[in-house]
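# Chain and residue survey
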Amino acid sequence: MATSDDSARSIRFDQLVSRAGSIGYRALIWATIVFLLSPLVVVVIISFQESAYATWPPQGFTLEHYTALPNQLGFLGVEEALFVSVELAVATGIVSTVLGALAAFAIVRYDFKYQTTLETILISPLIYPWIVVGLSLLLFINRVGDILGLTIELNFWTLLLGHVMFTLPYPIRTIGASLQNYDDSLEEAAQNLGATELESYLRVTVPLIQPGLMSGFVFAFILSFNQYIVSLFLSGPETTTMPLVLFSLFYNTAPATLAAIATLLMAGVLSVIFVMEYLFGISDFM
Amino acid sequence: MTRQESETTFGRVNERLSSVLRKYSDTQFGKYALIGPTLFVVAVLMIFPTIILLSYSFNPYDQGAIQAGSTLAHYVRAFTTTLYQDTLVRTIKIAVIVTIIDFVLGFPLAYAAVRKGGWMGKLIVIATLAPLTIDLVVRSFGWFILLNGTGVINSTLMELGLVTRGNAPQLLFNETGIIIGLSHVMLPFMVFPIINVMHTIPHDLEEAAQNLGANRLTVFTRILVPLALPGISAGILITFVVSLASYVTPALLGGGVRVIPVVITETFTSTSNWPFASALSMILVGVALLVIIAYQRVLKEMEGVGGV
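Please read these numbers as outputs of a predicted model, since none were measured by experiment.

### Focus on helix α14 (residues 255-280) of chain A
- Taking 1.5 Å of rise per residue, the 26 residues of α14(A) would be expected to cover 38 Å, and the 37 Å separating its terminal C-alpha atoms lies within 8% of that figure.
- Looking one or two residues past α14(A), Gly281(A) carries a phi angle of roughly 60°, positive in sign.

### Quick word on the packing of aromatic side chains
- Counted under the stated rule, the structure contains 26 aromatic pairs over all chains.
- Between Tyr25(A) and Tyr111(B) the ring centres are 6.3 Å apart and the planes differ by 70°, which places this aromatic pair in the edge-to-face class. Here Tyr111(B) lies in helix α4 (residues 82-116) and Tyr25(A) lies in helix α1 (residues 2-48), a pairing that spans two chains.
- Accessibility expressed as a relative area gives 18% for Tyr111(B), which makes it buried.

### Some points on the UniProt feature "domain: ABC transmembrane type-1" (unreviewed entry) in chain B
- When the UniProt feature table is mapped to this numbering, "domain: ABC transmembrane type-1" (unreviewed entry) covers residues 88-295 of chain B.
- Taken end to end, residues 88-295 of chain B has its terminal C-alpha atoms 23 Å apart, with 79% of it in helix and 0% in strand.

### Things to note about the UniProt feature "domain: ABC transmembrane type-1" (unreviewed entry) in chain A
- Residues annotated in UniProt with the feature "domain: ABC transmembrane type-1" (unreviewed entry) correspond here to residues 82-276 of chain A.
- Between the C-alpha atoms that bound residues 82-276 of chain A the distance is 20 Å, and the span itself is 79% helix and 0% strand.

### Remarks on a nonpolar patch on the surface
Residue and element names in this part refer to chain A.
- Residues Leu-82, Val-86, Val-90, Ile-94, Val-98 and Leu-102 make up a contiguous nonpolar surface patch of roughly 430 Å² in combined accessible area.
- One can find Leu-82 in helix α4 (residues 78-109).
- We classify Leu-82 as partly exposed; its relative accessible area is 34%.

### A short note on the interface of chain A and chain B
- Taken together, the contacts link 85 residues of chain A with 93 residues of chain B.
- Both sides together, the interface formed by chain A and chain B hides about 8400 Å², and carbon and sulfur atoms give 80% of it.
- Contact with chain B buries surface across chain A, with Leu36(A), Ile127(A) and Phe250(A) losing the most and accounting together for 9% of the total.
- At the boundary of chain A and chain B, one finds 0 salt bridges.
- For the pair chain A and chain B, the interface holds 7 residue pairs in polar contact (both at pLDDT 80 or more).
- By residue number, the principal contributor to the side of chain A that touches chain B is α1(A), which donates 17 residues.
- Of the residues belonging to the side of chain A that touches chain B, the class tally is 67 nonpolar, 12 polar and 6 charged.

### Comments concerning the UniProt feature "transmembrane region" (unreviewed entry) in chain B
Residues and elements named next belong to chain B.
- UniProt annotation of "transmembrane region" (unreviewed entry) refers to residues 32-54, 92-111, 123-146, 178-198, 219-248 and 276-295 when read in the numbering used here.
- The straight-line gap between the two end C-alpha atoms of residues 32-54 is 29 Å; of that span, 100% is helix and 0% is strand.
- Within the segment residues 219-248, helix and strand shares are 90% and 0% respectively, and the terminal C-alpha atoms sit 39 Å apart.

### Points about the domain arrangement of chain A
All names here are of chain A.
- Partitioning chain A into structural domains gives domain 1 (1-48) and domain 2 (65-285).
- Distance between the C-alpha centres of domain 1 and domain 2: 40 Å.
- Regarding the contact of domain 1 and domain 2, the summed buried area is about 530 Å², with carbon and sulfur atoms giving 81% of it.
- Considering only the side of domain 1, the residues that lose the most area to domain 2 are Val-43, Ile-46 and Ser-47, jointly responsible for 67% of the buried surface there.
- Taken together, the connections running from domain 1 to domain 2 amount to 0 salt bridges.
- Counting across the domain 1 and domain 2 interface gives 2 residue pairs in polar contact (both at pLDDT 80 or more).
- Looking at the side of domain 1 that touches domain 2, its residues break down into 5 nonpolar, 1 polar and no charged.

### Re the packing of α4(B) against helix α8 (residues 175-198) of chain B
Residues and elements named next belong to chain B.
- Two numbers describe how α4 lies on α8: the axes approach to 6 Å, and their chain directions differ by 40°. In terms of orientation, α4 and α8 fall into the oblique class. In this structure, α4 crosses over α8, and the sense of that crossing is right-handed.
- The residue makeup of the contact of α4 with α8, split by class, is 22 nonpolar, 3 polar and 5 charged.

### Points about the confidence of the model for chain A
- Scored by pLDDT, chain A has a mean of 87; 95% of the residues are at 70 or more.
- Of all helices and strands in chain A, the one with the weakest mean pLDDT is helix α9 (residues 185-192) of chain A (76), whereas helix α12 (residues 229-234) of chain A scores best (95).

### So, the side chain of Ser85(A)
All names here are of chain A.
- Looking at the element boundaries, Ser-85 is found in helix α4.
- Side-chain polar atoms of Ser-85 contact the backbone nitrogen of Met-242, separated by 2.8 Å.
- Ignoring sequence-local partners within four residues, the contact set of Ser-85 consists of Phe-225, Thr-241, Met-242 and Pro-243.

Analysis parameters
- Residues numbered from 1 in each chain as written.
- Chains lettered and ligands numbered in written order.
- Predicted model: local features only at pLDDT ≥ 70, side-chain atom pairs only at ≥ 80, totals over all residues.
- Heavy atoms only, no water.
- Helix = DSSP H or I, 4+ residues; strand = E, 2+ residues; numbered from the N terminus.
- Expected span 1.5 Å × (residues − 1).
- Phe/Tyr/Trp six-rings, centres within 6.5 Å; stacked < 30°, edge-to-face > 60°.
- Buried < 20%, exposed > 50% of the residue type's maximum accessible area, 1.4 Å probe, protein only.
- UniProt positions renumbered as here; feature names shortened; annotations may be inferred.
- Patch = residues over 30% accessible without salt bridge, like charges linked within 9 Å, V, L, I, M, F, W, Y side chains within 5 Å.
- Areas by Shrake-Rupley, 256 points an atom, 1.4 Å probe, with all protein chains shown as cover.
- Salt bridge = Lys/Arg side-chain N within 4 Å of Asp/Glu carboxyl O.
- Contact = heavy atoms within 4.5 Å.
- Buried area = accessible area lost by both parts, 1.4 Å probe.
- Polar contact = N/O pair within 3.5 Å; in protein donor to acceptor, adjacent residues only side chain to side chain.
- Nonpolar A, V, L, I, M, F, W, Y, C, P; charged D, E, K, R; others polar.
- Domains from an automatic or database assignment.
- Axes fitted to C-alpha atoms, helices over the stretch in contact; angles between N-to-C directions.
- Parallel < 35°, antiparallel > 145°, perpendicular 65-115°, else oblique.
- Left-handed = near helix turned anticlockwise from the far one by under 90°.
- pLDDT = per-residue confidence, 0-100.

Quick look at the structure:
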């Protein structure tokens, strides 16, 4: 019976192809996970090996690159820059989250005539080129200074303008999502039970959308903390940020020292995220 | 201030604010008062500066100074000089290749994150999210360790006897370096919109199709791709336009190979030719605007999906 033999063989062939496909699929997934994590992992490894260079395979184990840091940080400009960056990221996070919350509230609760256009404008900084944000704001600040007849110095506040601008869409998104998830009749219920409008917002709405608020804040904080190109154009002589310093260290310092600084930074950022996740459950809105 | 006083102060503020809220919460004024500040910030910080950028791009530049008047010379220079033509083509080519690589890697990853669930799904989400939170310079530095001449990859290849020091592939300070680094930076932007949309596609559909005799490829091309299209197009558009405008990764991993944002920054910082830097920037703005308009349609299609 040639035909049944043929079909049996073709089924076996199909199974083979399907098995190969599923192994290939699994391999691709793991390869992609390795691709995503390996640049972070090798930085950590290099920070603990003995050589001052990024030699591979790593030789020995030492904490030398870390213990030498306290003497170097001030000299490398890391200390000051870290302070500026944290301050800036916190300020950016707060301003963006407050503005974003108001806008998200308006979008979710009210109907606007050109709703889609409005939403598009509000989230467009998401894909607006960062380099253009930096350059055009600098030209804008210059022009405004010209018109007013004064020189506007680049400082913390000019940086903050740029950082608020490009981080805004993230809180709008996360807070909008958390507002959509809950029923606004809860506010009415609170008011029916005797709460004033203000109390019902502060005691009912804000706690309910807290995860959205917090993840919006964390997003804005991290994006601001890591921002290079916008800061390049807008930072003044006394407001050099951490990414700017890291960029110059890329060329000007021993790889192992940079690896140690980078590892500490990664640990810092990741612990902020874990603490926020533990306290507020921000991952639902990431 | 005694406790009682502070309580009455709060009471007064509470009453005042509440009556304002009551009065305006359902009015036109109320809703514009909410969205106004944010719209104002976006207008003042994005739209006006862009208009000024545009006006600079028409300013003549002569003898090291910006002149009055208007000219298209900077655009002509950008599009007709071989150097800038090459840079423009290279920038677009890199963005296209990065987008393709990220779709090929990102779609299966997003699919696995949603369909596998459990610890595997969590691992994928964490692995995708972690790089996103790390400074771009640090990520580039990681790639430097991996890709340089005696780096992780080349040392391993030499150890295995696959290449020798003489013919080890050059993976850094060229287009390859930029493409690898940018694919890494942009992958999360591809994965998350697809994850969002994938959550809304019932698994039953794929099983039903398979029961009716469709093979995996058919399920992929006829069911998954069409249903995930809003997420896929959002991912592709974001990946493309952000790659095009990236500075840090190409500047650190490209060596002498330049892309448009690197040329813009160099022009701006090392010459006073702001008009030419502005014209090059306006090219990026043009692409971004096209994508925003396309994106608006995507956004419309994604309504209710809760995606990006």
